[in-house]
Amino acid sequence: LLFVVFLFIYIITVIGNLSIISAYRFNSGLHTPMYFFLANFSFLEICYISTTVPKLLSSLLLGIKSISFLGCVAQMFCFLLLGGTECYMLAAMAYDRYNAICHPLVYGVIMNKRTCLGLIAVSWISGAINSLIHTVLTFTLSFCGAKTINHFFCDIPPLLDLACSATEINEIVLLVACGCVIVSAFLLTVASYVRIISAILNIKSTSGRKKAFSTCASHLIVVTMFYGSAIFMYFRPKSSYSMNKDRLIAALYAFIAPLLNPFIYSLRNSDVKVAVKKILCRIFIVQRY
């Protein structure tokens, strides 16, 4: 039953995010900074869920619940890389919406191709540096006992719980990194939305305010869901870890968020829905003839 549930989640997540990428790729009307970031975000979400679910599915199907040391290192590095990248990519998407609403006349000049590519590159580089620091510090610890991870993937809290050596430095670095990555990206996102909301409230027409807010509502929902779970998971001392609660929170940002993101963005965006329908119609016509 669990295998079927997680397989369904994985398939729907991949199809949903691929649909958004395809809509951007094959519809010239969507070749704008907003949809450029959304397509990159969808690619990130596919990679994100692919770091944990395939291994989980093989464990459920074959009953092999072990992972090699190098496999654990690779899984943790990729998961933290993608998580850190997502923080800054969400901030970049908020900055894009800020310029679109607060500086509409010069939006095309500010958010040019070079700026968009630069923001994506900075997001990936920041995520890689953060992930490398945590991965190196975590796997230089000594592990003893049964070496059984009380979790469904290799993450920092359950691995620190297995360590025999002192983990104070790791905990300090984890809190500092959360401040540098999660909190800083979150504050950049909040700062953008403070300016956005202020600009929206100054719009005189009700229809104008509604249209402006609708372009940001989907992103705001994703931001709240992602940062809420990530801050709870990593921004606290080791003594407060609770594996049952942690697994539930981890499932929220590892499985549920990537699954819901395509629906959150597409169901509230008529342009994406129209583009996806056109692609599906083309596929149907090609198959028919």
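Residues numbered from 1 in each chain as written. Predicted model: local features only at pLDDT ≥ 70, side-chain atom pairs only at ≥ 80, totals over all residues. Heavy atoms only, no water.

- In the nomenclature of an unreviewed UniProt entry, the protein chain is known as Olfactory receptor of Staurois parvus.
- According to UniProt, the comment filed for the protein chain under the heading Subcellular location (unreviewed entry) is "Cell membrane".
- Per UniProt, the comment on the protein chain under Sequence similarities (unreviewed entry) is "Belongs to the G-protein coupled receptor 1 family." (UniProt positions renumbered as here; feature names shortened; annotations may be inferred.)

1. Observations concerning the overall build of the protein chain
Piece 1. A tally of regular secondary structure across the protein chain gives 11 helices and 0 strands.
Piece 2. Burial status across the protein chain gives 45% buried among its 289 residues.
Piece 3. Of the roughly 14800 Å² of accessible surface on the protein chain, 71% is carried by carbon and sulfur atoms. (Helix = DSSP H or I, 4+ residues; strand = E, 2+ residues; numbered from the N terminus. Buried < 20%, exposed > 50% of the residue type's maximum accessible area, 1.4 Å probe, protein only. Areas by Shrake-Rupley, 256 points an atom, 1.4 Å probe, with all protein chains shown as cover.)

2. Considerations on the layout of surface pockets
Piece 1. Size it by volume and the largest pocket reaches roughly 840 Å³.
Piece 2. Of all the elements in the fold, those that place two or more residues in the lining of the largest pocket are helix H1 (2–26), helix H3 (53–62), helix H4 (69–102), helix H7 (156–162) and helix H10 (243–267).
Piece 3. For the lining of the largest pocket, a count of residues per class yields 18 nonpolar, 6 polar and 4 charged. (1 Å grid on protein atoms, 1.4 Å probe; cavity = no way out; pocket = protein on both sides within 12 Å on 5 of 7 lines; lining within 4 Å. Points joined across faces, edges and corners; volume = space filled by probe spheres on them. Nonpolar A, V, L, I, M, F, W, Y, C, P; charged D, E, K, R; others polar.)

3. Quick notes on the pattern of salt bridges
Piece 1. Across all of its chains, the model carries 1 salt bridge by this definition.
Piece 2. For the salt bridge of Arg97 with Asp96, the shortest nitrogen-to-oxygen distance reads 3.0 Å. There is no split in this pair, since Arg97 and Asp96 are both buried. (Salt bridge = Lys/Arg side-chain N within 4 Å of Asp/Glu carboxyl O.)

4. Structural notes on the environment of Asn99
Piece 1. One can find Asn99 in helix H4.
Piece 2. In the structure, Asn99 is positioned 11 residues away from Ile110 in sequence and 7.6 Å away in space, judged by C-alpha atoms.
Piece 3. Every residue in contact with Asn99, bar those within four places of it in the chain, is listed here: Pro104, Tyr107, Ile110 and Met111. (Contact = heavy atoms within 4.5 Å.)

5. Thoughts on the side chain of Thr13
Piece 1. By the secondary structure assignment, Thr13 is in helix H1.
Piece 2. Ignoring anything within four residues of it in the chain, the contact list for Thr13 reads Ile49, Pro258, Leu259 and Pro262.

6. Quick look at the packing of H4 against helix H6 (residues 113–138)
Piece 1. Direction vectors running N to C along H4 and H6 enclose 145°, while the axes themselves pass 7 Å from each other. Seen from above, H4 lies across H6 with right-handed handedness.
Piece 2. Of the residues that constitute the contact of H4 with H6, the class distribution is 15 nonpolar, 10 polar and no charged. (Axes fitted to C-alpha atoms, helices over the stretch in contact; angles between N-to-C directions. Left-handed = near helix turned anticlockwise from the far one by under 90°.)

7. Topic: the side chain of Thr189
Piece 1. Mapped onto the secondary structure, Thr189 falls in helix H8 (residues 168–201).
Piece 2. The class for Thr189 is buried, based on a relative accessible area of 1%.
Piece 3. Polar contacts involving the side chain of Thr189 include one to the main-chain carbonyl oxygen of Ala185, which spans 2.8 Å. (Polar contact = N/O pair within 3.5 Å; in protein donor to acceptor, adjacent residues only side chain to side chain.)

8. A closer look at the environment of Ser66
Piece 1. With respect to the helices and strands, Ser66 occurs in the loop between H3 and H4.
Piece 2. Ser66 gets classed as partly exposed once you look at its relative accessible area, which sits at 47%.
Piece 3. The sequence separation of Ser66 and Lys55 amounts to 11 residues, and the corresponding C-alpha distance is 9.8 Å.

9. Structural notes on the nonpolar core
Piece 1. Counting residues in hydrophobic clusters, the biggest one holds 63 residues, and the most contacted among them are Phe37, Phe41, Met76, Cys87, Leu90, Tyr227 and Phe255.
Piece 2. Sort the elements by how many residues they give to this core and H4 lands first, with 12 residues.
Piece 3. Once residues within four sequence positions are removed from consideration, Cys87 is found in contact with Val181, Ile182, Ala185, Phe226 and Tyr227.
Piece 4. Among the nonpolar cores identified, the runner-up in size contains 7 residues, and Tyr98, Tyr193, Ile196 and Ala199 belong to it. (Core = buried A, V, L, I, M, F, W, Y, C linked by side-chain atoms within 4.5 Å.)

10. Examining the packing of aromatic side chains
The geometry of two aromatic rings is summed up by the distance between their centres and the angle between their planes.
Piece 1. With the rule as written, the count across this model stands at 7 aromatic pairs.
Piece 2. Here Phe36 and Phe37 contribute two aromatic rings whose centre-to-centre distance is 5.7 Å and whose plane-to-plane angle is 65°, an arrangement assigned as edge-to-face.
Piece 3. Among the residues examined, Phe36 registers a relative accessible area of 17% and is labelled buried.
Piece 4. A relative accessible area of 1% means that Phe37 is categorised as buried.
Piece 5. For the pair Phe69 and Phe139, a centre-to-centre distance of 5.3 Å together with 85° between the ring planes defines the contact as edge-to-face. Taken together, the positions of Phe69 in helix H4 and Phe139 in the loop between H6 and H7 put the pair 70 residues apart, joining distant regions of the chain.
Piece 6. Given the relative accessible area of 14%, Phe139 is considered buried.
Piece 7. Among the aromatic residues, ring-to-ring pairing joins Tyr24, Phe36 and Phe37 into one connected group. (Phe/Tyr/Trp six-rings, centres within 6.5 Å; stacked < 30°, edge-to-face > 60°.)

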